[in-house]
Amino acid sequence: MKGIKDKFSHLPEAISGLRELAYNLWWSWHPEGRGLFRLLNRQGWYLSNHNPVKMINRMDRGALEEASSDSHFMRHYDSVMARFESYMTPSRGWFCDNVQQPEKNKIAYFSAEYGLHHALPFYAGGLGFLAGDFLKECSDLGIPLVGVGFMYPKGYLRQMISPEGWQVGACEMMDRENAPIRKLEDSNGDPLTIKVPIMDPTIYLEVWMVQVGKTSLYLIDTSCEANEEENRLISDRLYTGDLEQRLRQEIVLGIGGVRILHQLGVDYSVLHCNEGHPAFAVLERIREKVEGGMSYRDAFECVKNTTVFTTHTPVPAGHDVFSYQLMDKYFGSYLPTLDLSRDELFRLGMNPAKPEGFNMTAFALRCTAYRNAVSKKHGEVSRKMWQQLWPELAMDKIPIEYITNGVHVPSWIDRRLGDVIFNRYLGRTWLEEHDQPAIWELIDEIPDSALWEHHRYMKEMLIAKIRERARIKWRNAGSDPNNVMASGVLLDSAALTLGFARRFASYKRPTLLLQDLERLAKIVSDPWRPVQIIFAGKAHQDDQQSKQLLQQVFNAAKDQAFGGRIAFIEDYDELLAQYLVHGVDVWVNNPLPPMEASGTSGMKATLNGVPQLSVLDGWWIEGYNGKNGWAVQGAEGSDRDARDASAIYDLLEKDIVPLFYDVDEDGVSHGWVSVMKETIKMSGPNFSARRMAKEYTERFYQKALEAAIKAEYRKEKGKLKVDMFGGI
Ligand SMILES: *Cc1c(COP(=O)(O)O)cnc(C)c1O
């Protein structure tokens, strides 16, 4: 592969396959891959935070040679490499068997963030994990797709909480040398550099690649030498509050991204814009066709019929609007190259309900033929929200469909639950066939005690992890004792444990459980049936309001009145998310309806048998069936927070706590385990990334690919005519 020949120069020839393996995130969702690295260096695996590139870089040649002459290790090595190679065979998979040969007609997927692994911090939250899970699933199914995104050198916020409970995050530079990521080079071995000439001064892009199984993800980096200072900062960090910088980012992502694919010779005929951020890619695709001799009209139709757009949120701040003045500044010299007038462009991005700027979502909706929201409810909300773009249509005819989100099952299932319990009771092929509902009916075969004991173990693991983090904090000189106490030191693995972890944003109401502190104190401090709550999540650095919510939660965690039964865990990331969705007893979600377009963390929890207690919004409207968790019908009117909180306390007091503690003589709460089983049965087949990726393919990609083939055919026919005339 390009760009990794010179990595791991100390690797003995006999195990040189580890280079390819370490630089392919395949290992992150295949336990045998992780197991091989753990076998190579158990301590190093732990100390590198499960990052094989970092681990191998830190090993010396002697240790590697020792492994390569150890027959036990080599047997594992050979078997894992054989499985890896077989997985990577391009002509394998569902897409190939059911749709078409994958060599041609790739799909280019553009997203501003990707959540793939904690060693690659290019994400803020749910949108990123959705995109990351999607790339992994496309690899598993053999869907021929490439990803395009941003490399944010300072994307990563290390969250620390001051003694006053204030988030004082520091941006940490990503350690590129030790991450499973490679810089692409040109044929001379220099960094591949691509120009975005429409801006003055010209922006230069370098490109990094992450190999996600069979899927390649290209990441744009502007922090290169060739750029002027101002331009170097474009890819600095995710979702900057500075609108001009944000516009520049979106130009680089959309237009720069298409140029990169062109330069790399990536043959794709369908574009998928994940959210509005990369939508300028549409313009560059049109420009390429106009340059090739097509009229603007034809190029627009052709691009529209081969582009998919997914909208992800009803929250107004999630839809970028740029002033016309800014648009003029950046697009003035670009538009003539597309044969597009300023007025025409602005009409494409106009939101009739708020015409004072260029709206990226309105633009994306007008320029794409396949549009979707991310849950059934979000479909309704989006049709209402964007009805004004199609004033002649009735509400239910507004052309925005929905494809409900899903999570990548191999990434989010606990390894032991999958390998030990599911393999035994669902059959060894359960993972390959996990979108078949019949497989999941077998969940009832699992003995209650097996599931209950497994879950208790996961809870012990979670609490041990939290205590270890608190211990590290406590060892730091000058650490504040109350602050350490708030980090989960007193958590008790026998107590009913609720988890609330996600980005802190006001519509997610992270303080809702704290509405009535007295009532809450009574619930958590019941000496016979105690309840504890674990909170985690980051606020955006520029979002003071969310930082205040976080402070309220942190102060409750510090409050002695709760006796250490409320905890706030710093620095929520993918690794902590894994522990939490496997280990808490109940996953709590209480957004302000209908603002939660889908939500995915609850899918991760329910897949692992952790039932959800959630306000009915997003995916839970489809997921809740009365047997598999608890639901609160969001209240209407002015005191809705108080009423929603009260409904949640009611459920805890009357249903959830009594059921959990209703333990039989065998030590198992059979009633609870039956809810756990219903939870898995509902989640496994319906809310997987596999179901989602197949829906995108069957409902959108296939049609878009056909449209591309037709357009190609017309073009060829057109050429034929020209040639004939030329011949005459
Ligand atoms: C899944 C996930 C999210 C999304 O959570 P929601 O509650 O659905 O918004 C955010 N952060 C991390 C680390 C995740 O794994």
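### Quick word on the overall build of the chain
Summing up its helical and strand segments, the chain has 29 helices and 22 strands in all. Relative to the globule expectation of 27 Å for 728 residues, the C-alpha radius of gyration of the chain, 26 Å, shows essentially globular dimensions. Taken along its principal axes, the extent of the C-alpha atoms in the chain is 95 × 70 × 55 Å. Burial analysis of the chain (728 residues in total) assigns 59% to the buried set. Sequence-distant contacts in the chain: of pairs separated by 6 or more residues, those separated by 24 or more amount to 73%. Taken as a whole, the chain presents about 29,100 Å² of accessible surface, with 49% of it coming from carbon and sulfur. The averaged location of the 97 negative side-chain charges in the chain is 1 Å from the averaged location of its 85 positive side-chain charges.

### Digging into the site of the ligand
Lining the immediate environment of the ligand, one finds 13 residues, of which Arg502, Lys508, Thr600, Ser601 and Lys604 sit closest. At 2.9 Å, a side-chain N or O of Arg502 approaches an oxygen atom of the ligand. At a separation of 2.7 Å, an oxygen atom of the ligand approaches a polar side-chain atom of Lys508. Considered on its own, the ligand offers 390 Å² of accessible surface; in the complex 95% of this is hidden by protein. Of all elements in the fold, only α8 (126-141) and α25 (601-607) reach the threshold of two or more residues within the shell around the ligand.

### Side note on the domain arrangement of the chain
For interface size, the figure often reported is the accessible area lost on association. The assigned domain composition of the chain is domain 1 (13-88), domain 2 (104-157 + 180-405 + 697-715) and domain 3 (409-687). On a C-alpha basis, the centres of domain 1 and domain 2 stand 35 Å from each other. Both faces combined, the contact of domain 1 with domain 2 buries some 1,200 Å², and carbon together with sulfur accounts for 61% of it. Broken down residue by residue, the surface that domain 1 buries against domain 2 is led by Tyr23, Leu25 and Trp29, which jointly contribute 46%. The interface formed by domain 1 and domain 2 includes 0 salt bridges. Within the residue set of the side of domain 1 that touches domain 2, elements represented by two or more residues are α1 (17-22) and α6 (71-88). Looking at the side of domain 1 that touches domain 2, its residues break down into 9 nonpolar, 5 polar and 1 charged.

### Notes on the nonpolar core
If you look at the biggest cluster of nonpolar residues, it comprises 138 residues, and the most contacted ones within it are Phe280, Phe331 and Tyr701. In this structure, this core is formed jointly by two domains, domain 1 (13-88) and domain 2 (104-157 + 180-405 + 697-715), each of which donates at least three residues. Those residues in contact with Phe280 that lie beyond four places of it in its chain are Leu247, Glu250, Ile251, Gly254, Ile255, Met327, Phe331, Phe358, Met360 and Phe363. Membership of the second largest hydrophobic core comes to 88 residues, among which are Ala556, Tyr572, Val610 and Ala645.

### Some details on the pattern of salt bridges
Applying the stated criterion across every chain yields a total of 37 salt bridges. Residue Asp435 pairs with Lys694 through a salt bridge whose shortest N-O separation is 2.9 Å. In this pair, Asp435 sits in the loop between α18 (415-425) and α19 (437-441) while Lys694 sits in helix α29 (residues 689-727), placing the two residues 259 residues apart along the sequence. A single salt-bridge network, built from bridges that share partners, covers Arg259, Glu284, Arg287 and Glu291.

### Here we look at the pairing of strand β15 (residues 370-373)
Going residue by residue along β15, you find Tyr370 and Asn372 tucked away on one face and Arg371 and Ala373 tucked away on the opposite face as well. Two elements, strand β12 (residues 307-310) and β15, share 3 bridges in a ladder whose sense is parallel. Across the sheet, residue Val308 finds its bridge partner in β15, namely Tyr370. In terms of strand pairing, β15 meets strand β16 (residues 401-402) through 2 bridges, oriented parallel. Note on β16: the bridge partner recorded for Ala373 is Tyr402. You can see the chain leave β15, run along helix α16 (residues 376-385) and come back into β16, and the turn it takes is right-handed.

### So, α16
Within α16 the residues assigned to the buried category are His378, Gly379, Val381, Ser382 and Arg383. Structurally, α16 contributes buried residues whose contacts are with β15 and β16.

### Some details on the confidence of the model for the chain
Looking at the chain, the pLDDT average stands at 94 and 97% of residues meet or exceed 70. In this model, residues 720-728 is a region of pLDDT below 50 whose contacts with residues beyond four sequence positions or in other chains number 0 contacts.

### Notes on the pairing of β12
Successive residues of a regular strand alternate their side chains across the two faces of the sheet. Every second residue of β12 is oriented toward a common face, with Thr307 and Phe309 on one face and Val308 and Thr310 on the other, all of them buried. The pairing of strand β11 (residues 268-274) with β12 spans 4 bridges and is classified as parallel. The partner of His272 across the bridge, within β12, is Val308.

### Comments concerning the packing of aromatic side chains
Counted under the stated rule, the structure contains 38 aromatic pairs. Members of the aromatic cluster, connected to one another through ring pairs, are Tyr109, Tyr114, Phe134, Tyr370, Tyr696, Phe700 and Tyr701. For the cation-ring pair, Lys214 lies above Tyr87, with the distance from its terminal atom to the ring centre recorded as 5.6 Å.

### Overview of helix α22 (residues 517-525)
Looking at α22, one finds that the buried residues are Leu520, Ala521, Ile523 and Val524. All buried residues of α22 project into a common sector of 165° when viewed along the axis, lining one side. Those residues of α22 that are exposed and angled more than 90 degrees off the buried face are Glu518 and Lys522.

### A word on the packing of helix α20 (residues 448-475) against helix α28 (residues 670-686)
Angle between the axes and distance between the axes: these two values describe a pair of packed helices. Here α20 crosses α28 at 85°, and the two axes come no closer than 10 Å. Our classification of the angle between α20 and α28 gives roughly perpendicular. The residues of α28 that touch α20, namely those facing Asp448, Leu451, Trp452 and His455, are His670, Trp672, Val673, Met676, Lys677 and Ile680.

### Some words on the sheet that holds strand β17 (residues 496-501)
A sheet is described by the order of its strands in space; here 6 strands give the open sequence β19-β18-β17-β20-β21-β22, paired in parallel fashion. Both outer strands of the open sheet, β19 (566-569) and β22 (629-632), are each paired with one neighbouring strand and no more. Mean inter-strand twist for the sheet, computed between neighbouring axes without regard to direction, equals 20°. As defined by bridge partners, β17 adjoins strand β18 (residues 531-536) across 6 bridges and the pair is classed as parallel. Paired with Phe500 across the two strands is Phe535, which belongs to β18. Seen against the sheet, helix α23 (residues 544-558) touches β18 and β19 and runs at an angle of roughly 130° to β19. Its contacts with the sheet place helix α27 (residues 640-661) against β17, β18, β20 (586-589), β21 (612-615) and β22, and it is angled at close to 165° to β22.

### Details of a negative patch on the surface
A contiguous patch of negative charge, built from Asp6, Asp175, Glu177, Glu185 and Asp190, is present on the exposed surface. For Asp175, the position within the fold is in the loop between β6 (170-172) and β7 (182-183).

### Things to note about the environment of Val53
Inspection of the secondary structure puts Val53 in helix α4 (residues 52-58). Under the relative-accessibility criterion, Val53 is labelled buried at 0%. Separated by 540 residues in sequence, Val53 and Pro593 place their C-alpha atoms 43 Å apart. Among all residues touching Val53, those that are not within four sequence positions of it are Phe8, Ala22, Tyr23, Glu177, Asn178, Ala179 and Pro180.

Calculation rules
Residues numbered from 1 in each chain as written. Predicted model: local features only at pLDDT ≥ 70, side-chain atom pairs only at ≥ 80, totals over all residues. Heavy atoms only, no water. Helix = DSSP H or I, 4+ residues; strand = E, 2+ residues; numbered from the N terminus. Rg over C-alpha atoms; globule rule 2.2 N^0.38 Å. Buried < 20%, exposed > 50% of the residue type's maximum accessible area, 1.4 Å probe, protein only. Contact = heavy atoms within 4.5 Å. Areas by Shrake-Rupley, 256 points an atom, 1.4 Å probe, with all protein chains shown as cover. Lys, Arg positive; Asp, Glu negative; His and termini not counted. Charge placed at Lys NZ, Arg CZ, Asp CG, Glu CD. Near = heavy atom within 4 Å. Polar contact = N/O pair within 3.5 Å; in protein donor to acceptor, adjacent residues only side chain to side chain. Domains from an automatic or database assignment. Buried area = accessible area lost by both parts, 1.4 Å probe. Salt bridge = Lys/Arg side-chain N within 4 Å of Asp/Glu carboxyl O. Nonpolar A, V, L, I, M, F, W, Y, C, P; charged D, E, K, R; others polar. Core = buried A, V, L, I, M, F, W, Y, C linked by side-chain atoms within 4.5 Å. Pairing = 2+ DSSP bridges. Right-handed = clockwise from strand over helix to strand, strands pointing away. pLDDT = per-residue confidence, 0-100. Phe/Tyr/Trp six-rings, centres within 6.5 Å; stacked < 30°, edge-to-face > 60°. Lys NZ or Arg CZ within 6 Å of the ring centre and 35° of its normal. Arc of directions from axis to C-beta. Axes fitted to C-alpha atoms, helices over the stretch in contact; angles between N-to-C directions. Parallel < 35°, antiparallel > 145°, perpendicular 65-115°, else oblique. Patch = residues over 30% accessible without salt bridge, like charges linked within 9 Å, V, L, I, M, F, W, Y side chains within 5 Å.

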